[in-house]
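# Descriptive analysis of the structure
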Amino acid sequence: MSRRNAVFFSLVLALVVGFLVTGWFLYRTPIGLDASGFPMGEAIYGLISKVSPGANGSFVGAVWIVVSLLVVAAVAFVTVRSAARSKLDAERRTFLTGAASGAGAALGAIAVGGAAGAARGFYGIGEGNGGWSGVSSAMGADVPQTHSEHLDAWKGSRIQGYRRFGRTEWNVSDIVLGTGRIRGEDGERIARLALDRGVNYFDTSPDYSGSGSEQAMGRAIQGVRDELFIATKFCTPHGHLPAGAPVERYKQVVEESLGRLGTDYVDLVHIHSCDQVDRLMDENAHEAFDRLKEEGKVRFLGVSSHTPNLVEVAETAIDSGRFDVMMLAYHHGTWAPMDELMRRARSEQDMGVVAMKTLKGAKHHGLAGFRDEADAYSQAALRWVLSNQDVSCAVISFFELQHVDEYLHASGGQVTERDLAILEKYDRQILGSYCAPHCGDCLSSCPEELPIHDVLRYRMYFEDYGWEKEGMRLYGALDANKRAEVCASCAAPCLGSCPTGIPIPERMAGAHELLTIT
C-alpha cells in the first residue's frame, strides 16, 4: 500500500469509528448513566473508583471516548509507518523510519475521529436532533441562586398555594424542595424548615450528593412522612440505570432508596434524565414498577428530561398513557415546544407537570447594576413559571437556609408587569456577556487554539458567582500558552464567531486581567 493510500485509509477509518463509536459515547455520557450503561462498565468503574472514589458512572463513557480515539491513532500510526518503511530496502531502515509520518497520521486520525464524534455527540447528526449543543445552558445549570441580602420582607415566608397534581390527586405545594445539594446536618435543617413552612413535596435521587441527599431527607421526614409526597429515581449513587437493566436491579435501587429514606414507600419514581425512547419504554423498568406498585413500595411513575431528545421522549410518554408525572426544564424564554408538551400532558393524560431548571442559571452577582430588580429576580422567575396553569409545581434546589424565605416568598403570587420587566431586563443584561451554551463554536477561529469557552466560564465564576479564588485557580492551572494574554495584540479572527454575540476579544482580554495574580 502506498503512503498516500495508507493515509487515506487511516482517515476514513477514523471518520467511521469517530462517528459510530466516539460519537455514540459522546452523546450518551452527559446523560449521567450508571456504569452498567456502558460496555465493560462495571469493570472499568471498579478501576476508576480506586483512583477517584465516588466518581460518577459517566466517567466510564469518558474512558471509552479516549480509548476509541487512541485506537484509531494507533492504527493510523502503524499503517502509515509500515507504508513508509516499505519504500526502503531492509538494510536502509532504522527503528525510527516512518515514525514521523506515522505520528502525523495518528494526530490527523484523532482530529478527524474527534470531529466526527463531536458531529454526532454535540450536534446530534445521526441522532435526529440538535445534540447537546442545542440544549439551553439553563437546562444544565446548577449554580448558586442566593441573593446577597436576606431581606426582611422575605423572612417567615410560607407556602401560599397548593395545586392538584394531576391524576395522582395530591394537592402539592406550588414550590417543591429540590434536594440535589442537600446533605449532612445543614441540609437536614434546611429541609425541616421548608417542610415546617408548608412544602409537602420533595424531589430526591440516589445520585444527589452521593446518596447523601436521601440520607439527610430520611432524617428530616421522621414523624411527618405520611404528610409528604416523595419522589426519587431509578438510579444508583453513581448514575441512572440504562435500558435493559434487569427487573431485579430496577427494584433493588428503589428498595435501597427506601432504606436511605427510612420509609417503606415512595410516592413517585422517575425514569430520570431520559433521552432515549428505548430507556423510557424499557419493558424491564415498567415490569419493575408494576411489581413495586403491587408490593406497596411505589405509587406513581414519572419521567424527567432536559436532554436533546426531550420532545420525542415527552411525546412518547404522553402517548403511552403509562406515566402519571412529567418533569421538564422550563423557564422564562424557554424554547417553543415546552408549552405545547405541558398542555398535552395535562389535557390528554391528566399528568402532573413539574417545572425544573426554573431559574435559568441566574447570575445574581452580575445583576448589581440594577439592584432593586435583582432583589426580586428569583421570585419573578418562579411566578412566571407558575403563571402557566398547566404547571402543577416548580422544583428548585435549596441549599442555604435563606432559600426557604427567598423562594417561598413567590408561592401563591401572580406574575406582574414588573416581574416580566425584570426577566426581560435580565435577559438583555446577559446578552453578549454570558457564554450560555459553552458550545465551542468559536474554538476553530482562534489561531492560538485557546480554550475560549473555559476562560469565559472562569471569568463567570469570578464576576457572577463570587467564586473569585476558584476562577483564578482554574485560570492559573491552564498552560501558559493557553491563557488570554495574547488576545490584546491579536487580529481577532474570533470576532463574530459566537452564536450569541459575545465580543470574544474584549471578554477574553478582560478575563486575563481579572484572573491573573499580579
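Summarised in this report is the structure supplied together with it. Each chain carries its own residue numbering, running from 1 in the written order of its sequence. Per-residue local features are limited, in this predicted model, to residues with pLDDT of at least 70; the limit for side-chain atom pairs, both in listing and counting, is 80 or more; totals at the level of whole chains, interfaces and linings are taken over all residues. Hydrogens are left out, water is left out, and the side-chain values use all remaining heavy atoms of the structure.

## Observations concerning the nonpolar core
Cut-off, in case you're wondering: Working definition of a nonpolar core: buried Ala, Val, Leu, Ile, Met, Phe, Trp, Tyr and Cys residues. They are joined through side-chain atoms within 4.5 Å. Only protein chains enter the accessibility calculation, which uses a 1.4 Å probe; a residue whose area is less than 20% of its type maximum is buried, one above 50% is exposed, and one in between is partly exposed. The contact criterion used throughout is that any non-hydrogen atoms of two residues lie within 4.5 Å.
Core analysis: the largest hydrophobic core is formed by 72 residues, its most contacted members being F234, M326 and F398. Aside from chain neighbours lying at most four places away, what touches F234 is H240, L241, Y250, V253, V254, V269, H270, I271, A285, F289, L292 and L301. Membership of the second largest hydrophobic core comes to 20 residues, among which are L474, C487, C494 and C498.

## Let's talk about the sheet that holds strand β12 (residues 393-397)
Heads up, the condition is: By this definition, two strands are paired if DSSP reports at least two bridges between them. Strands are runs of DSSP state E lasting at least two residues, helices are runs of H or I lasting at least four, and both sets are numbered from the N terminus onward. Comment: axis = line fitted to C-alpha atoms, over the contacting stretch for helices; angle = value between 0 and 180 degrees taken between N-to-C directions.
A barrel is described by the order of its strands in space; here eight strands give the closed sequence β3-β4-β5-β8-β9-β10-β11-β12, paired in parallel fashion. Each neighbouring strand pair of the sheet contributes to a mean axis angle of 30 degrees, computed without reference to strand direction. Where strand β11 (residues 352-356) and β12 come together, two bridges link them in parallel fashion. Bridging across to β12, A355 finds its partner in A394.

## Quick look at the packing of aromatic side chains
Rule in force here: Between the rings of Phe, Tyr and Trp (Trp by its six-membered ring), a pair exists once the centres lie within 6.5 Å; its type follows the angle of the planes, with under 30 degrees stacked, over 60 edge-to-face, and the other angles tilted. We count a charge as sitting over a ring when the NZ of a lysine or the CZ of an arginine lies within 6 Å of the ring centre and within 35 degrees of the ring normal.
Scanning all chains against the criterion turns up eleven aromatic pairs. Ring geometry for W170 against F229: centres 5.5 Å apart, planes inclined by 70 degrees, an arrangement best described as edge-to-face. With W170 in the loop between β1 (162-164) and β2 (171-173) and F229 in strand β5 (residues 229-233), this pair connects stretches of sequence that are 59 residues apart. Accessibility assignment for this pair places W170 and F229 in one class, buried. What links up through ring pairs into an aromatic cluster is the set F165, W170, Y201, F229 and F300. Stacked on the ring of F399, the Lys or Arg R181 has its end atom at 3.8 Å from the ring centre. Across the ring face of Y265, the terminal group of R225 is positioned such that the distance to the ring centre comes to 3.9 Å.

## A closer look at the packing of helix α7 (residues 212-220) against helix α8 (residues 247-261)
What counts is decided by this rule: In what follows, roughly perpendicular refers to angles from 65 to 115 degrees, roughly parallel to angles under 35, roughly antiparallel to angles over 145, and oblique to any angle outside these ranges. Each residue gets one label: Ala, Val, Leu, Ile, Met, Phe, Trp, Tyr, Cys and Pro are nonpolar, Asp, Glu, Lys and Arg are charged, and the others, such as Gly, are polar.
The geometry of α7 relative to α8 is characterised by a closest axis approach of 7 Å and an angle of 45 degrees between their N-to-C directions. Classified by the angle their axes make, α7 and α8 are oblique. Two secondary-structure elements touch here, α7 through E214, Q215, M217 and G218 and α8 through S257, R260 and L261. Looking at side-chain class alone, the contact of α7 with α8 contains two nonpolar, three polar and two charged residues.

## Quick word on the side chain of N388
Let me state the cut-off plainly: Distance and chemistry together define a polar contact, namely a pair of N or O atoms within 3.5 Å, with one atom able to donate a hydrogen and the other to accept it when in protein, and with adjacent residues in sequence counting only for side-chain atoms on both sides.
With respect to the element layout, N388 can be found in the loop between α14 (377-386) and β12. When its relative accessible area of 13% is taken as the criterion, N388 is described as buried. A distance of 3.2 Å separates polar atoms of two side chains, one belonging to N388 and the other to D339. Ignoring anything within four residues of it in the chain, the contact list for N388 reads R163, Y330, D339 and M342.

## Focus: helix α15 (residues 401-408)
Note on helix geometry: an α-helix contains 3.6 residues per turn, so any two residues three or four positions apart are oriented the same way. Burial runs high along α15: seven of the eight residues are buried. Turning to α15, the residues buried within the fold contact β3 (175-178), α6 (184-196), α14 and β12.

## What to know about the environment of K233
Locating K233 in the fold gives a position in strand β5. K233 sits 40 residues away from S273 along the chain, and the two C-alpha atoms are 9.7 Å apart. With residues up to four places along the chain from it excluded, the contact list for K233 reads D203, T204, S205, P206, Y208, V269, H270, H272 and M327. A polar contact is formed between the side chain of K233 and the side chain of Y208, at a distance of 3.3 Å.

## A word on the pattern of salt bridges
Inclusion rule: Whenever Lys or Arg places a side-chain nitrogen within 4 Å of a carboxyl oxygen from Asp or Glu, that contact is recorded as a salt bridge.
Scanning the model with the defined rule gives 22 salt bridges in all. With a shortest N-O distance of 3.0 Å, R164 and E169 are connected by a salt bridge. For R164, a relative accessible area of 32% corresponds to the partly exposed category. A salt bridge links D419 to R383; the shortest N-O distance between them is 2.9 Å. Here R383 lies in helix α14 and D419 lies in helix α16 (residues 417-430), a separation of 36 residues in the sequence. The buried category is assigned to D419, whose relative accessible area is 1%.

Worth remembering: the numbers are spatial, not functional.
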